[in-house]
Every structure is written in C-alpha cells, then in structure tokens.
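# Coordinate inspection notes
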Amino acid sequence: MAGVRRRDRHGRGLRGPLTPPQAPVSRTRAEKFDDLVHDEVRRLGARWGRELSGVEFGVEEVPDVEPWFDGPVPLGRTVPGEAARPVRIVVFRRPVEARASGEQELGRLVRDLLVEEVADLLGLSPESVDPSYDSPDD
C-alpha cells in the first residue's frame, strides 16, 4: 500500500468533538425523549401530585407484542401494581417518535398520551386531568 491517507493532513492531531458533552446538541434522541416525558410528568405532578404519588413513570424503546399481534402498535401502557410494585405508566419511545412528524407534534403526542393514561388510572376524563388535552397548541 503506497501511502496511507489520514485525516491528520496538516499535523494538528485528530479532531475532537465539536461540542462539549453537556451541550444540548450532543444529547441522543433517547435522552431528549426521556427529558420530554420527565417534563410532562412533572407538569402533571404539579396538579395531581397526591393522586400520582404511588405511580411510577417510565420509558421503554418498544412494546412487547406477540408475533401474531395484528393491531396498532401501542404508544403507552399502564401496568397494574402488584404486592411490592407500584402502578407503572410506560411510554414507548420508538412508536411515538414514528407517529410524530416533528418536535412540536412529538411533545403534543407525549402530553396527550400521558394525560390519557393518567385519566384512565384516576377514572376521570382527559379534559379534567389537563384542560390543554387534545389541543394543537402546546
């Protein structure tokens, strides 16, 4: 092999990251999604904190569905609590991201999904849990 070409053409060393790791631009889509869910949970907790104190919220990549499942892919799920485990509301990141056409719609989808799950858990209508439910504006 005659002359191996390297990116260090001018002797200045290899390039480093363009942004520091704590900068928002270097956050992964999964981290941004986790933050979005966390912000919505905190917002709902400000109004329904006492009712949601025993509820755990989480994010998973995709739902577990059987190979023969033939319905729409769920965006979220409420897992009933058991003896030592609290009720858990799970948001599935990949199906939600696939359904959203942009960041604003992604935020609205996460908000509406969490409001629906909380409303179902509390036995209320989504509009009474959050008056901004199903509105196009954030």
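Described in the following lines is the structure provided in the data block. Note that the structure is predicted; figures quoted are calculated from it, not measured. (Residues numbered from 1 in each chain as written. Predicted model: local features only at pLDDT ≥ 70, side-chain atom pairs only at ≥ 80, totals over all residues. Heavy atoms only, no water.)

Judged by nonpolar contacts, the single largest core of 22 residues is most densely connected at F33, V37, L44, V91, V96, L114 and V129. Counting residues per element, the ones that place at least two in this core are α1 (29-48), β3 (87-92) and α3 (103-122). The greatest single-element share of this core, amounting to eight residues, is contributed by α3. For F33, the residues in contact, after removing those within four places along its chain, are V59, V91, R93, V96, E97, L106 and V110. (Core = buried A, V, L, I, M, F, W, Y, C linked by side-chain atoms within 4.5 Å. Buried < 20%, exposed > 50% of the residue type's maximum accessible area, 1.4 Å probe, protein only. Helix = DSSP H or I, 4+ residues; strand = E, 2+ residues; numbered from the N terminus. Contact = heavy atoms within 4.5 Å.)

Relative to β3, strand β1 (residues 55-60) is paired through six bridges, and the arrangement is parallel. Opposite E56, over in β3, you have R88 as the bridge partner. Two elements, strand β2 (residues 76-79) and β3, share four bridges in a ladder whose sense is antiparallel. From the neighbouring strand, T78 faces β3, where its bridge partner is I89. (Pairing = 2+ DSSP bridges.)

With that settled, the discussion passes to the pattern of salt bridges. Under the defined criterion, the tally for this structure stands at 12 salt bridges. Taken together, the salt bridges that share partners define one network made up of R29, E61, R93 and E97. (Salt bridge = Lys/Arg side-chain N within 4 Å of Asp/Glu carboxyl O.)

For the rest of this paragraph, the subject is the sheet that holds β3. Pairing is mixed across the open sheet formed by three strands, whose spatial order is β1-β3-β2. Either end of the sheet is taken by a strand with one partner, and the two such strands are β1 and β2. Strand-to-strand twist in this sheet, taken as the mean axis angle between neighbours without regard to direction, amounts to 20 degrees. Lying on the sheet, α1 is in contact with β1 and β3; it crosses β1 at an angle near 160 degrees. Each of β1, β2 and β3 touches α3; the most contacted strand, β3, lies at about 155 degrees to it. (Axes fitted to C-alpha atoms, helices over the stretch in contact; angles between N-to-C directions.)

Among the secondary structure elements, D112 is positioned in helix α3. Apart from the residues within four sequence positions on either side, D112 is in contact with Y133 and D134.

Empty space left among the atoms is revealed by rolling a probe the size of a water molecule over them. In this structure, the largest pocket occupies an estimated 250 Å³ of space. Along the walls of the largest pocket sit R29, K32, F33, L36, E97, A100, G102, E103 and L106, which together make up its complete lining. Only α1 and α3 provide two or more residues apiece to the lining of the largest pocket. With four residues, α1 is the largest single contributor of residues to the lining of the largest pocket. Per-class residue counts for the lining of the largest pocket are four nonpolar, one polar and four charged. (1 Å grid on protein atoms, 1.4 Å probe; cavity = no way out; pocket = protein on both sides within 12 Å on 5 of 7 lines; lining within 4 Å. Points joined across faces, edges and corners; volume = space filled by probe spheres on them. Nonpolar A, V, L, I, M, F, W, Y, C, P; charged D, E, K, R; others polar.)

Just distances and angles here, no functional claims.
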